[in-house]
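# Observations on the three-dimensional arrangement
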Amino acid sequence: MNSKVSRLSPLTILFFIPLIPHLNVIDGFVHMDDLPILVFSFFALFSFKLFPKGISQIGNNKFIFLFIIYLFLQNQIINNGFIHSEILRYLFYSFLFIYVISIDLNSFDQNIPVYLFFFLSSFSILSYFLSLNLGTDLYQNWNIGLNLSDIDYIKGRVNGFQAGGPNSFADLITVTAVYSMFRLKDTYLPYVIIFSFLSCFFTYSRFSLIVLVLFTILKIFYVEKKGSNLGIFIAVFLVCINFGLIERFSSDDNSGIQDRVEMQTGTINYIFEDSIKNNLLGRGFDNYVVKGQVLYDADKFDEDNVSHGPHNSYLFIILNYGVVGLLLYALIFKDLIYKIFKHRFKKEYSPYFYVVLAYLVLSFSSDLLQNHSVSWFLYLSYFLFIKETIIKRSIEN
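For the structure given in this document, a descriptive report is provided here. Remember, predicted model here, so these are calculated numbers, not experimental data.

On to the overall build of the protein. When its secondary structure is counted, the protein shows 17 helices and 7 strands. Looking at the protein as a whole, 53% of its 397 residues qualify as buried. In the protein, the proportion of contacts linking residues at least 24 apart, taken out of those at least 6 apart, comes to 72%. Entry remark: accessible area of the protein is about 18700 Å², with carbon and sulfur atoms responsible for 64%.

What follows deals with the side chain of serine 208. Looking at the secondary structure, you find serine 208 in helix H9 (residues 206–222). A relative accessible area of 2% means that serine 208 is categorised as buried. Sequence-distant contacts of serine 208, defined by excluding residues within four places in its chain, comprise Asn167, Ala170, Asp171, Thr174, Cys200 and Leu362.

This next bit is on the packing of H9 against helix H10 (residues 226–242). Look at H9 against H10: their axes get within 9 Å of each other, and the N-to-C directions meet at 160 degrees. Put simply, H9 runs roughly antiparallel to H10. Both H9 and H10 take part in a crossing whose hand is right-handed. Along the contact surface, H9 presents Val213, Thr216, Ile217, Ile220 and Phe221, while H10 presents Lys226, Asn229, Leu230, Phe233 and Phe237. Counted by class, the contact of H9 with H10 contains 7 nonpolar, 2 polar and 1 charged residues.

All told, the structure shown has 51 aromatic pairs when counted by the stated rule. Seen in terms of ring centroids, phenylalanine 67 and tyrosine 90 are 5.1 Å apart; in terms of plane orientation they differ by 80 degrees. Their pairing is edge-to-face. One end of the pair, phenylalanine 67, is in helix H4 (residues 62–78); the other, tyrosine 90, is in helix H5 (residues 85–102), with 23 residues separating them in the sequence. Each member of the pair, phenylalanine 67 together with tyrosine 90, is buried. On the basis of an interplanar angle of 90 degrees and a centroid distance of 6.0 Å, the ring pair of phenylalanine 67 and tyrosine 321 is categorised as edge-to-face. One end of the pair, phenylalanine 67, is in helix H4; the other, tyrosine 321, is in helix H14 (residues 313–331), with 254 residues separating them in the sequence.

We now examine the pattern of salt bridges. This model, assessed by the stated rule, comprises 4 salt bridges. For aspartate 186, the salt bridge is made with lysine 219, and the minimal N-O distance between the two is 3.1 Å. Separated by 33 residues along the polypeptide, aspartate 186 in the loop between helix H7 (166–183) and helix H8 (189–201) and lysine 219 in helix H9 bring together distant segments of the chain. Aspartate 186 sits in the partly exposed class, given a relative accessible area of 30%. For aspartate 274, the salt bridge is made with arginine 283, and the minimal N-O distance between the two is 2.8 Å. We classify arginine 283 as buried; its relative accessible area is 5%.

Attention now moves to a nonpolar patch on the surface. Together, Val25, Ile26, Phe29, Leu35 and Leu38 make up a nonpolar patch on the protein surface, roughly 490 Å² of accessible area in all. Those elements giving two or more residues to the nonpolar patch turn out to be strand S1 (24–26) and helix H2 (35–44). Residue placement: leucine 38 occurs in helix H2.

Ranked by internal contacts, the top residues of the largest apolar core, which has 107 residues, are Leu11, Phe40 and Tyr329. Setting aside residues up to four positions removed in sequence, phenylalanine 40 forms contacts with Pro10, Leu11, Ile13, Leu14, Phe92, Phe95, Leu96 and Tyr99.

With that out of the way, let us pick up the side chain of asparagine 279. In this structure, asparagine 279 sits in helix H13 (residues 276–281). Its relative accessible area of 14% is what places asparagine 279 among the buried residues. A distance of 2.7 Å separates a polar side-chain atom of asparagine 279 from the backbone oxygen of isoleucine 271. Dropping the residues within four chain positions of it, asparagine 279 is found in contact with Ile271, Asp274, Gly322 and Val323.

If you check which residues of H2 are buried, you get Pro36, Phe40, Ser41 and Ala44. Take H2 and look down its axis: the buried residues cluster within an arc of 135 degrees, on one side only.

A word on the sheet that holds strand S3 (residues 133–136). The antiparallel open sheet is built from 3 strands, whose spatial order is S3-S4-S5. Of all strands in the sheet, those bounded by a partner on one side alone are S3 and strand S5 (158–159). Both S3 and strand S4 (residues 143–146) contribute to a ladder of 2 bridges, which runs antiparallel. Note on S4: the bridge partner recorded for asparagine 133 is glycine 145.

Viewed as axis vectors pointing N to C, H9 and helix H16 (residues 351–362) meet at an angle of 150 degrees, and their least axial separation amounts to 10 Å. Here H9 and H16 pass one another in a crossing that is right-handed. Between H9 and H16, the residues in contact are Phe207, Ser208, Val211, Phe215, Leu218 and Tyr222 and Tyr354, Leu357, Ala358, Val361 and Leu362, respectively. Taken together, the residues of the contact of H9 with H16 break down into 10 nonpolar, 1 polar and no charged.

We now examine unusual backbone geometry. As a rule of thumb, non-glycine residues mostly have phi less than zero, and peptide bonds are mostly trans rather than cis. A positive phi angle, close to 60 degrees, is found at tyrosine 204, a residue other than glycine. Among the structural elements, tyrosine 204 can be located in the loop between H8 and H9. Residue classification places tyrosine 204 among the buried positions, given a relative accessible area of 16%. Positive phi, normally seen in glycine, also occurs at aspartate 286, with a value near 60 degrees. Position of aspartate 286 relative to the elements: it lies in the loop between H13 and strand S6 (288–291).

Rules and cut-offs
- Residues numbered from 1 in each chain as written.
- Predicted model: local features only at pLDDT ≥ 70, side-chain atom pairs only at ≥ 80, totals over all residues.
- Heavy atoms only, no water.
- Helix = DSSP H or I, 4+ residues; strand = E, 2+ residues; numbered from the N terminus.
- Buried < 20%, exposed > 50% of the residue type's maximum accessible area, 1.4 Å probe, protein only.
- Contact = heavy atoms within 4.5 Å.
- Areas by Shrake-Rupley, 256 points an atom, 1.4 Å probe, with all protein chains shown as cover.
- Axes fitted to C-alpha atoms, helices over the stretch in contact; angles between N-to-C directions.
- Parallel < 35°, antiparallel > 145°, perpendicular 65-115°, else oblique.
- Left-handed = near helix turned anticlockwise from the far one by under 90°.
- Nonpolar A, V, L, I, M, F, W, Y, C, P; charged D, E, K, R; others polar.
- Phe/Tyr/Trp six-rings, centres within 6.5 Å; stacked < 30°, edge-to-face > 60°.
- Salt bridge = Lys/Arg side-chain N within 4 Å of Asp/Glu carboxyl O.
- Patch = residues over 30% accessible without salt bridge, like charges linked within 9 Å, V, L, I, M, F, W, Y side chains within 5 Å.
- Core = buried A, V, L, I, M, F, W, Y, C linked by side-chain atoms within 4.5 Å.
- Polar contact = N/O pair within 3.5 Å; in protein donor to acceptor, adjacent residues only side chain to side chain.
- Arc of directions from axis to C-beta.
- Pairing = 2+ DSSP bridges.

Given below as structure tokens:
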């Protein structure tokens, strides 16, 4: 009994974030999917006696604090303001880092992301076959469940509870699937393959499925029973083909590919034509909106309540925070980048390593890093990866 209670870490509360719709609690200030963060922070503060240990380890990820300082200074210079919502989010991530470094890693049940994966994937599959519709969130664009709208870019796609629509749901399924396949024993890999591919396919998100394929092939390369797992991989692929995989990838009837290309090329052209100062230091948080190949002043753009970005998280960072901001942001993940170039994907790597890598790859074709109802798991995974690295170093020394 005591062992089970000891594993009810406050970190578990954060996994309710993608299970709660994005609805108002306090209009324009607090949303329902913010509540797990507030509840986690409340319980985490009871561990304040451990915080000196985490604070002493700030050097293991000092760049997240430098990035926050940069956001403060840039906001003061460009917007003549003190704080904005993005700063608040990174302040929370810095608090999360200190908490993760402070606690005993055994206090967190590391199968929680696996449970989340099987719930999300099951919901996607059931939504498709049972035509589930649980209503919409604050943005009023996507059903939670199957979308049977006549609008081309909506019809037939499955969406989850999180903000951001089917693409974000697919990203969430992908990263939790990547965690599960590298966390669980190899005997569970066939189940992860089946659930992940079907559930991700029913969101009709091309790039998420491509990234899922790449990481699945990497995992199959690591396991002993390569033939049987490859056979299951091919069989599930054939099932997806039966449901229209080739038609979905070969056609662009909803202009999804064209839309992304226009947004990214429009953003790149704007950056090249803008001043060196703006490109180095950025243009400030949420000051511009990308729609098609055109960038609009956010104050003069009020066409709808959809978040318009370049569908590339790194271009988004350059647009808002400049090359300096992108460099500081990249340095947050310096330990992982160092591991990639030094050890080249050794099999014994933590599942958190692959999760962070999957996030960073997915971000080339989405505004994933800016959707914090999904990207919170990126930072938690990276901080747990750092925690594991610190433990390994202490054992080796």
